[in-house]
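# Descriptive structure summary
Residues per chain, in single letters:
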Amino acid sequence: MTTEQPLERLERENQWMRRAGAVCLALVAAVFLMGQEKAKELPDLEVRSLKVKDKDGKVRAFLGKDADGPVLKLSDKDGRTRAALDVLDDEPSLTLKDKDGKAGALLFTAADGSPGLAFWDKDRQQRAVLGTKADGSPDLVFADKSGKIRARLTLDDGSPRLRLLDAK
């Protein structure tokens, strides 16, 4: 064996390794570039309403429009609406209801932009309201079982005001 034969063999192996390395590099580059493809924009989904049903076929969520305007309703396992997000006369509100469908709490924004939170008792009587007036001042109102205001705490022109009212 001459000294040139091992060198030729080494050169052939080296060429083979360079080609294999080039092929591997090309594959890695191709995979990387495939991942860089710009994501396609999905078209908008337009429907009149959307119902989400549970495994038993009961509607648990409804997104659509009712007689008063757009609404999102969430229902319990028995199909009763327990929460509703809607916009009535440009006033958004979130209503939480009990198992009998009676409102228990209402988070709202009035037409003048003032927010509020109202609570009802089991007889559907509004008992407490926390909110702000149109001028931005806070207002807290408590009512009795008949709905008559019995206490009111406000902050008028920076001064606190507490009013307590009897039955008359």
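The structure contained in this document is the topic of the report that follows. Every value quoted in this text rests on a predicted model; they were computed, and no experiment measured them. (Residues numbered from 1 in each chain as written. Predicted model: local features only at pLDDT ≥ 70, side-chain atom pairs only at ≥ 80, totals over all residues. Heavy atoms only, no water.)

## With respect to the environment of Val 141
Within the fold, Val 141 resides in strand 9 (residues 138-143). Judged by its relative accessible area of 11%, Val 141 falls in the buried class. (Helix = DSSP H or I, 4+ residues; strand = E, 2+ residues; numbered from the N terminus. Buried < 20%, exposed > 50% of the residue type's maximum accessible area, 1.4 Å probe, protein only.)

## Observations regarding the layout of surface pockets
In this structure, the largest pocket encloses a volume near 260 Å³. Lining the largest pocket are 16 residues, and of these Asp 86, Leu 88, Ser 93, Thr 95 and Leu 106 sit closest to its centre. Mapped onto the lining of the largest pocket, the elements with two or more residues apiece are strand 3 (69-75), strand 4 (81-88), strand 5 (91-97) and strand 6 (103-109). Counting residues per element, the lining of the largest pocket draws most heavily on strand 5, at 5 residues. By volume, the second largest pocket amounts to about 200 Å³. Along its surface, the second largest pocket is lined by 21 residues, and Gln 126, Val 129, Asp 139, Val 141 and Arg 152 are the ones closest to its centre. Of all the secondary structure elements, the ones that give two or more residues to the lining of the second largest pocket are strand 7 (115-120), strand 8 (126-132), strand 9 and strand 10 (149-156). Counting residues per element, the lining of the second largest pocket draws most heavily on strand 8, at 7 residues. In the lining of the second largest pocket, the residues fall into 10 nonpolar, 7 polar and 4 charged. (1 Å grid on protein atoms, 1.4 Å probe; cavity = no way out; pocket = protein on both sides within 12 Å on 5 of 7 lines; lining within 4 Å. Points joined across faces, edges and corners; volume = space filled by probe spheres on them. Nonpolar A, V, L, I, M, F, W, Y, C, P; charged D, E, K, R; others polar.)

## Examining the sheet that holds strand 8
On the basis of which strands lie adjacent, the open sheet formed by 11 strands has the order 1-2-3-4-5-6-7-8-9-10-11 and antiparallel pairing. Looking at the sheet topology across the chains shown, the edges are occupied by strand 1 (50-53) and strand 11 (159-164). The sheet shows a mean angle of 10° between the axes of neighbouring strands, direction not considered. (Pairing = 2+ DSSP bridges. Axes fitted to C-alpha atoms, helices over the stretch in contact; angles between N-to-C directions.)

## A word on a negative patch on the surface
Together, Asp 68, Asp 89, Asp 90, Glu 91 and Asp 112 make up a region of like negative charge exposed at the surface. Since its relative accessible area comes to 47%, Asp 112 is described here as partly exposed. (Patch = residues over 30% accessible without salt bridge, like charges linked within 9 Å, V, L, I, M, F, W, Y side chains within 5 Å. Areas by Shrake-Rupley, 256 points an atom, 1.4 Å probe, with all protein chains shown as cover. Salt bridge = Lys/Arg side-chain N within 4 Å of Asp/Glu carboxyl O. Lys, Arg positive; Asp, Glu negative; His and termini not counted. Charge placed at Lys NZ, Arg CZ, Asp CG, Glu CD.)

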